[in-house]
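So you can see what is in the structure, the chains are spelled out below.
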Amino acid sequence: QLLFVDYGDIKSSIIAASPPLILAALASMKGPRSIISSLDSSFLLQPIVLQSCCLLPFITLIHQSILNAAYLKISTIPSCSVAFIALLLMHLYSKNRAHKNGNLLTSEMKSQAIFAGISMLLSSSIVMELKPEASKALVVFLLGSLFVLLVTYAFASVADTWYTVGSGQFQMVSLDTAGMMLFVMCPVVVLHLRFLDKYGDSIASKSAMLKEYLQSTGVLSDGDVYGGDIISFSLVMTLAMITSVGVPLLNALSPVGGYLFSRAYTHGQPNTKKVAMCVNFSDLPKDAGKIVQILNSLEKKKADGLTTGVLNTFVTLEDLKQFPTELKSMAEKGHAISLAPSEFQGTFCGLSLFQWNKASREIESARREYSKTFGKEPSWLFSKSADNIGRHPSLLRGASDFGMKVAYWSTLVQLTGNRLTSDQKRIIGGDCSDKKGGSVIYVTFEQGVSPSSISTLLGEVVDLLDGFNIESLSDVAKDDASMILK
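Keep in mind it's a predicted model, so treat the numbers as computed, not measured.

Participant: Sorry if this is basic, but what is going on with the overall build of the protein chain here?
Facilitator: Tallying secondary structure elements over the protein chain gives 17 helices and 9 strands in all. Relative to its 486 residues, the protein chain shows a buried fraction of 49%. Sequence-distant contacts in the protein chain: of pairs separated by 6 or more residues, those separated by 24 or more amount to 85%.

The structure is reproduced here in structure tokens:
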């Protein structure tokens, strides 16, 4: 945003740019990010947060425009309309999303989103304070960002309503949605221009009469409605706030980047009675005997009536190098092994925008080590943000180039104790029974959970999946699956 501002001296430029730059530096360090990441993962999905962060500036803008005629300009009406439509669509999408418990916003992404939102608000307020005449360029920039966000929400919400499976169906539905939008918008624009051509003068004269009447009654203060270049501070903050909240909310609801750069899946085909249960190998005990105990407990559950009992395990490059014997044993028992991005150590992580080289090297090294260990190419890559590169476009594109699909999840279960809570049982059972198959259940364990507790917890999850076949990701999410209507 600061690129649009022409300050008269270097000192003012440094003052205006320093807070966002400081926040950008903090966002690249693990320490501050870990503090932000300790907040509840569903913080941004709370209705109160959306209402207080987005509606209050919007209401303030309406109130200020009514009190001061100088702010009530025709040019602000389209901006307010786009802001209102974006807010409405964000609310409806969040409330009616298909995966109620599939928050895709990882801790790293959440902390960086909060830093980016604060930086955007700070830079907007500084620009309005130091250079009010630059507010027009700032509004144009924010309005363009908000319009792109609005269109993306439209594509994602329509695809969510149709319950698209994979990138191919998402892109097909998005293309159809874009065609329908053009089919509707083009006639509307033509009719709007015809309407203004025929009734524009009459409406302008009546609007002037109404303005004079409202000013005479004291409802509006005296001022030229169409004069000057005054832009309300509330308008700028409204656009900035909706954008800063809308971007991480979209990332929590839909993996749009994964759909664009790879063959991504959040779920498989519904009505198949097949689900996928996924865990991180880093959450499992590294002792071979304890791993065998966990797998044997799943085998007993399988023998109790399940057709299959496959555990999808995500491994990093380091796991492949350090525990090849244990991983081979799991694969021999019929469990699926998939790749995951590595967790990088260090205090400074850098900006993900400039880490395409690291992402490319990561996927190439992991694929080569996987082929060396198992004698075959990997089929899946788990998309979890691991210090910026886990969802980098270069990593996703590299997975697609190597013939790998990218896995997200439809149900997130974060286990912290020795037993499943009633809410977690309701979430797992409800998500699977709602779609009757196709769910990707991602189970994580808090650090310190004992191996016996892990075995017990996985057994409880399997018990909740009574009537479903626990399959590999490749069997749950298929490209050539036939449509089943029941």
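Participant: For this particular structure, what's the right way to read empty space enclosed by the protein?
Facilitator: Space left empty within the atom packing is revealed by a probe, the size of a water molecule, rolled over the atoms. If you walk through the whole model with that rule in mind, you get 2 cavities of 30 Å³ or more. Considering only enclosed or pocket space, the largest cavity measures out at about 180 Å³ in volume. Lining the largest cavity are 20 residues, and of these His99, Asp160, Leu253, Tyr259 and Thr266 lie nearest its centre. If you list the elements that add at least two residues to the lining of the largest cavity, you get α6 (135-162) and α8 (233-253). In terms of residue count, the dominant contributor to the lining of the largest cavity is α6 (3 residues). A per-class count over the lining of the largest cavity returns 11 nonpolar, 7 polar and 2 charged.

Participant: Please clarify how a nonpolar patch on the surface should be interpreted in this entry.
Facilitator: There is a patch of nonpolar side chains on the surface, built from Phe84, Ile85, Leu88 and Leu92 and spanning about 370 Å² of accessible area. With respect to the helices and strands, the residue leucine 92 is situated in helix α4 (residues 76-95). Overall, the relative accessible area of 40% leaves leucine 92 in the partly exposed class.

Participant: Would you explain the packing of aromatic side chains in this entry?
Facilitator: Between two aromatic rings, the relevant description is the distance of the centres plus the angle of the planes. Enumeration over the complete set of coordinates arrives at 11 aromatic pairs. Centroid distance phenylalanine 170 to tyrosine 259: 4.3 Å. Interplanar angle 25°. Geometry classified as stacked. Of this pair, phenylalanine 170 sits in helix α7 (residues 166-217) while tyrosine 259 sits in helix α9 (residues 256-261), and the two are 89 residues apart along the sequence. The buried category is assigned to tyrosine 259, whose relative accessible area is 4%. Ring geometry for phenylalanine 382 versus tryptophan 409: centroids 5.8 Å apart, planes at 45°, classification tilted. Residue phenylalanine 382 is located in strand β5 (residues 380-382), and its partner tryptophan 409 is located in the loop between β6 (405-407) and β7 (411-415); the two are separated by 27 residues in the primary sequence. In this pair, the class of phenylalanine 382 matches that of tryptophan 409, namely buried.

Participant: How should the packing of α6 against α8 be read in this particular structure?
Facilitator: Packed helices, taken two at a time, are described by their axes: the angle between them and the distance between them. Close contact between α6 and α8 brings their axes to 9 Å; oriented N to C, the two are set at 35°. Once α6 is placed against α8, the crossing between them reads as left-handed. Contacts from Leu138, Val139, Leu142, Leu143, Ser145, Leu146, Leu149, Thr152, Tyr153 and Ala156 of α6 reach α8 at Val236, Leu239, Ala240, Ile242, Thr243, Gly246, Val247, Leu249 and Leu250. For the contact of α6 with α8, the per-class residue count stands at 15 nonpolar, 4 polar and no charged.

Participant: Can you help me understand the pairing of strand β4 (residues 336-339) in this one?
Facilitator: A regular strand carries its side chains on alternate faces of the sheet. Burial of the side chains of β4 extends over both faces: Ala336 and Ser338 are buried on one face and Ile337 and Leu339 on the other. Here 4 bridges tie strand β3 (residues 311-315) to β4, and the two strands are oriented parallel to one another. By the bridge assignment for β4, asparagine 312 is matched with alanine 336.

Participant: In this structure, what is going on with the nonpolar core? I would like to understand it.
Facilitator: One broad rule of soluble globular proteins: the nonpolar side chains tend to lie buried together. Of all hydrophobic cores here, the largest spans 67 residues; its most connected members are Met277, Phe281, Met330, Leu339, Phe445, Leu465 and Leu473. Not counting the four nearest positions on each side in its chain, leucine 473 is found in contact with Ala276, Cys278, Asn312, Phe314, Ser338, Trp380, Ala407 and Val440. Within the second largest apolar cluster, 32 residues are counted, among which are Ala83, Met120, Ile242 and Leu250.

Participant: In this structure, what is going on with helix α15 (residues 422-435)? I would like to understand it.
Facilitator: Given a rise of 1.5 Å per residue, 14 residues ought to cover 20 Å, and the 20 Å separating the end C-alpha atoms of α15 matches this to within 8%. Among the residues of α15, Gln424, Ile427, Ile428, Asp431, Cys432 and Lys435 are the ones counted as buried. The arc that holds every buried residue of α15, seen down its axis, measures 105°, which confines them to one face. Set apart from the buried face of α15 by more than 90 degrees, the exposed residues are Ser422, Arg426 and Asp434. Buried residues belonging to α15 abut β2 (274-280), β7, β8 (440-445) and α16 (451-464). Taken from the residues just after α15, lysine 436 is the one with a positive phi, measuring 55°.

Participant: Just to check I follow, could you spell out the pairing of β8 for this structure?
Facilitator: With 6 of its 6 residues buried, β8 lies for the most part within the structure. Where β2 meets β8, 4 bridges bridge the pair, whose relative direction is parallel. In the strand pairing of β8, methionine 277 is matched with isoleucine 441. For the crossover that starts at β7, traverses α15 and ends in the parallel β8, the hand is right-handed.

Here is what the cut-offs are and how they apply
Residues numbered from 1 in each chain as written. Predicted model: local features only at pLDDT ≥ 70, side-chain atom pairs only at ≥ 80, totals over all residues. Heavy atoms only, no water. Helix = DSSP H or I, 4+ residues; strand = E, 2+ residues; numbered from the N terminus. Buried < 20%, exposed > 50% of the residue type's maximum accessible area, 1.4 Å probe, protein only. Contact = heavy atoms within 4.5 Å. 1 Å grid on protein atoms, 1.4 Å probe; cavity = no way out; pocket = protein on both sides within 12 Å on 5 of 7 lines; lining within 4 Å. Points joined across faces, edges and corners; volume = space filled by probe spheres on them. Nonpolar A, V, L, I, M, F, W, Y, C, P; charged D, E, K, R; others polar. Patch = residues over 30% accessible without salt bridge, like charges linked within 9 Å, V, L, I, M, F, W, Y side chains within 5 Å. Areas by Shrake-Rupley, 256 points an atom, 1.4 Å probe, with all protein chains shown as cover. Salt bridge = Lys/Arg side-chain N within 4 Å of Asp/Glu carboxyl O. Phe/Tyr/Trp six-rings, centres within 6.5 Å; stacked < 30°, edge-to-face > 60°. Axes fitted to C-alpha atoms, helices over the stretch in contact; angles between N-to-C directions. Left-handed = near helix turned anticlockwise from the far one by under 90°. Pairing = 2+ DSSP bridges. Core = buried A, V, L, I, M, F, W, Y, C linked by side-chain atoms within 4.5 Å. Expected span 1.5 Å × (residues − 1). Arc of directions from axis to C-beta. Right-handed = clockwise from strand over helix to strand, strands pointing away.

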